[in-house]
Amino acid sequence: MYNDMTNTNKDYITRLYQNINQLPIIQEMEDYATEHSVPIMEVDGIELLKQLIRIHNPDHVLEIGTAIGYSAIQMALTQPNLKVTSIEIDEKRHQLALHNVHKANMFEQIHLVLEDASLFLDKIEINDYDFVFIDAAKGQYKNYVEKITPYLKSGSIIVIDNVLFKGYVSKEVHDDRKRLMKLGEKIDRFNRWLMDHPQYDTSFVETGDGVAIAVKR
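Residues numbered from 1 in each chain as written. Predicted model: local features only at pLDDT ≥ 70, side-chain atom pairs only at ≥ 80, totals over all residues. Heavy atoms only, no water.

**Considering the overall build of the protein**
Stage number 1. Looking only at helices and strands, the protein has 8 helices and 7 strands in total.
Stage number 2. Relative to its 217 residues, the protein shows a buried fraction of 47%.
Stage number 3. By sequence separation, contacts in the protein at least 24 residues apart represent 67% of the contacts at least 6 residues apart.
Stage number 4. By element, 49% of the accessible surface of the protein is carried by carbon and sulfur atoms, the whole surface being about 11,900 Å².
Stage number 5. Positive and negative side-chain charges in the protein, numbering 24 and 33 respectively, have mean positions lying 5 Å apart. (Helix = DSSP H or I, 4+ residues; strand = E, 2+ residues; numbered from the N terminus. Buried < 20%, exposed > 50% of the residue type's maximum accessible area, 1.4 Å probe, protein only. Contact = heavy atoms within 4.5 Å. Areas by Shrake-Rupley, 256 points an atom, 1.4 Å probe, with all protein chains shown as cover. Lys, Arg positive; Asp, Glu negative; His and termini not counted. Charge placed at Lys NZ, Arg CZ, Asp CG, Glu CD.)

**Some words on the pattern of salt bridges**
Stage number 1. All chains considered together, the criterion is met by 10 salt bridges.
Stage number 2. Close ionic contact of Lys123 with Glu115 constitutes a salt bridge, the shortest N to O distance being 2.7 Å.
Stage number 3. We classify Lys123 as exposed; its relative accessible area is 52%.
Stage number 4. A salt bridge links Arg192 to Asp188, with the nearest nitrogen and oxygen atoms 3.0 Å apart. Here Arg192 pairs with Asp188, and both are found in helix H8 (residues 178–195), just 4 residues apart, close to one helical turn.
Stage number 5. Looking at Arg192, the relative accessible area reads 56%, which means it is exposed.
Stage number 6. Accessibility expressed as a relative area gives 22% for Asp188, which makes it partly exposed.
Stage number 7. Overlapping salt bridges, with partners in common, bring together Lys10, Glu42 and Asp44 in one network. (Salt bridge = Lys/Arg side-chain N within 4 Å of Asp/Glu carboxyl O.)

**Brief notes about the environment of Glu28**
Stage number 1. By the secondary structure assignment, Glu28 is in helix H2 (residues 24–36).
Stage number 2. Note on Glu28: relative accessible area 36%, which makes it partly exposed.
Stage number 3. C-alpha of Glu28 to C-alpha of Tyr70: the two residues are 42 residues apart in sequence and 9.8 Å apart in space.

**Some words on H2**
Stage number 1. In a regular helix each residue adds 1.5 Å, so 13 residues correspond to 18 Å; H2 covers 18 Å between its end C-alpha atoms and thus fits that length.
Stage number 2. Looking at the buried residues of H2, the elements they touch are helix H4 (70–76) and helix H5 (91–103).
Stage number 3. Immediately beyond the C-terminal end of H2, within one or two residues, lies Ser37, with a positive phi of roughly 55 degrees. (Expected span 1.5 Å × (residues − 1).)

Any link to function would need more than the numbers given here.
See below:
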């Protein structure tokens, strides 16, 4: 049945997820992301994220990096009472995310904010979030974690995508794209910083494009 597909563990897991029942809008967003080269979380990564939410059972998720609203909608689908606040700096993507959230009829669960995430985090005044998902500017990961940490209670979780960044972090990939190589080195420094952070217990999972899971002590 799958003779035409590469026989790898990742392919196998991806095929297992193919039969999951989901809203038509999910498939539409996946197709749009493929056609327009919009980075969204890979299927095994998004399923891990959703399972962490089911296990942790948060009341309010903060997402840094909305893009087209794909992960915000996926997260909100895990629990009917879950609130998701998602921050996006790009107006075009923010407007498209608004369209997708309304089309999914999830505007009561999902609040989309058009703003620089760093500025948004400067204005947080209360301990309002117990789960944070970061999938935005890779060079700002450390800044985001530093700013949100004082407002997270013990047991809160931060999930961060792209911590392996297509092989550039581990240097599995070598090419002449210096910008990507330098970004890989910066993410490597962030990963090591997060692993040694005195306020977090952190695990790294080789799924999707690499996922870090940090639990506040």
